[in-house]
Amino acid sequence: MIAHTTERILQTVLVLLAISFIAFLLVATLGDPLTSLLPPDASIADRQDLIMRLGLDEPLLTRFLHFLNGMLHGDFGISYRTQDDIGPMIATRLPATIELAFASLLVTLFVGVPLGILCGVRPNGIISRGVMLVSIAGITLPNFVVGVLLIAIFSVHLGWFPSFGRGDTVQIGGWTTGLLTLSGWRAIILPAITLAAFQVTFVIRMLRTQLLEVGQSEHIRFARARGLSERRIWSTYAMRNALLPTITMLALQLGNVIAFSVVTEGVFAWPGIGSLFLQSIQAADVPVIAIYLIFVGAIFMIINLVVELIYPLVDPRLKRSGA
């Protein structure tokens, strides 16, 4: 088990290094930092000073090592658009994205999992058929369409929730949160539902498929032959086998939510790193785009590593096979 854990950690580090190198190549080969950071009337001395400060006169490999060393020490470079340090720019927007991601994950858990179990245990019921019919819309409609529909109904027509912004926020240490104010909770509801729409339908359909397959397996038929109650069969035997792929999917969906919250944040003017990424694309701010790609890659790799390492805790058979 220790050898497997060490191997997976090393693989994660190597993949992160590869992602960092690709992102560094974007910064090194796309755009001209001198044009972006210097005024049009800058002198030759100013240009030489900036070249030396950014290390543009050094070999590519040396610059990459400086790039890695800077990230390890919290130095993520300078934005071409604002000429500010990228680290503080991301730090001020990260709480908004994380809160939105976890709020949408809670919606997915409390809506998708119960409905998925219902559709798997009673696939021919009226409610299950209705849920599966509605889930088709959740899969086919893009996020921005769902967001616009929610704004039109609950913001414009009914006036229940705000259509943009994060509401009032409270500073707790270095963390800015809107979850301690009423306007913050009202502001996060529609973006969270929009971001969770696809995840909910995906969880429902996946859990239904898993439970239907497990329900036809031999050990479930044997449990019925022993005279066990249906409640015990589904809660003890069926759910245990359907749990592994569901945990994997939910964990990776958290990475998806953080990475692909760009559209939702754009629709609701949510001040997270997704909207920062959109602004950087519009302004061709390559350093911010590169750091965003590294950040998203790190999230996916770390979540994937954690999920693999907790597999044996969920299914002891994996621990025995690993041993």
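Fair warning: this is a prediction, and the values are worked out from it, not measured in the lab.

Listed in full, the buried residues belonging to helix 12 (residues 273-282) are Ile273, Gly274, Ser275, Leu276, Phe277 and Ser280. One or two residues past the end of helix 12 sits alanine 284, with phi positive at roughly 55°.

This part covers the pattern of salt bridges. Any two side chains of opposite charge can pair, given that their charged atoms come close. Inspection of the entire model under this criterion finds one salt bridge. Linking glutamate 99 and arginine 166 is a salt bridge whose minimum nitrogen-to-oxygen distance equals 3.0 Å. You can see glutamate 99 sitting in helix 5 (residues 86-121) and its partner arginine 166 sitting in the loop between helix 7 (143-157) and strand 1 (170-172), a full 67 residues away along the chain.

With respect to the secondary-structure elements, alanine 103 resides in helix 5. Given a relative accessible area of 16%, alanine 103 falls into the buried group. Along the backbone, alanine 103 and alanine 196 are 93 residues apart, and their C-alpha atoms lie at a distance of 8.6 Å. Sequence-distant contacts of alanine 103, that is, excluding residues within four places in its chain, are made with Ile188 and Ala192.

What follows is about the UniProt feature "transmembrane region" (unreviewed entry) in the protein. Here, the residues flagged by UniProt with the feature "transmembrane region" (unreviewed entry) are residues 12-31, 100-121, 133-156, 184-204, 242-269 and 289-311. With 100% helix and 0% strand, residues 100-121 has its two end C-alpha atoms placed 31 Å apart. Across residues 184-204, helical content stands at 100% and strand content at 0%; the span's end C-alpha atoms are separated by 29 Å.

Rules and cut-offs
Residues numbered from 1 in each chain as written. Predicted model: local features only at pLDDT ≥ 70, side-chain atom pairs only at ≥ 80, totals over all residues. Heavy atoms only, no water. Buried < 20%, exposed > 50% of the residue type's maximum accessible area, 1.4 Å probe, protein only. Helix = DSSP H or I, 4+ residues; strand = E, 2+ residues; numbered from the N terminus. Salt bridge = Lys/Arg side-chain N within 4 Å of Asp/Glu carboxyl O. Contact = heavy atoms within 4.5 Å. UniProt positions renumbered as here; feature names shortened; annotations may be inferred.

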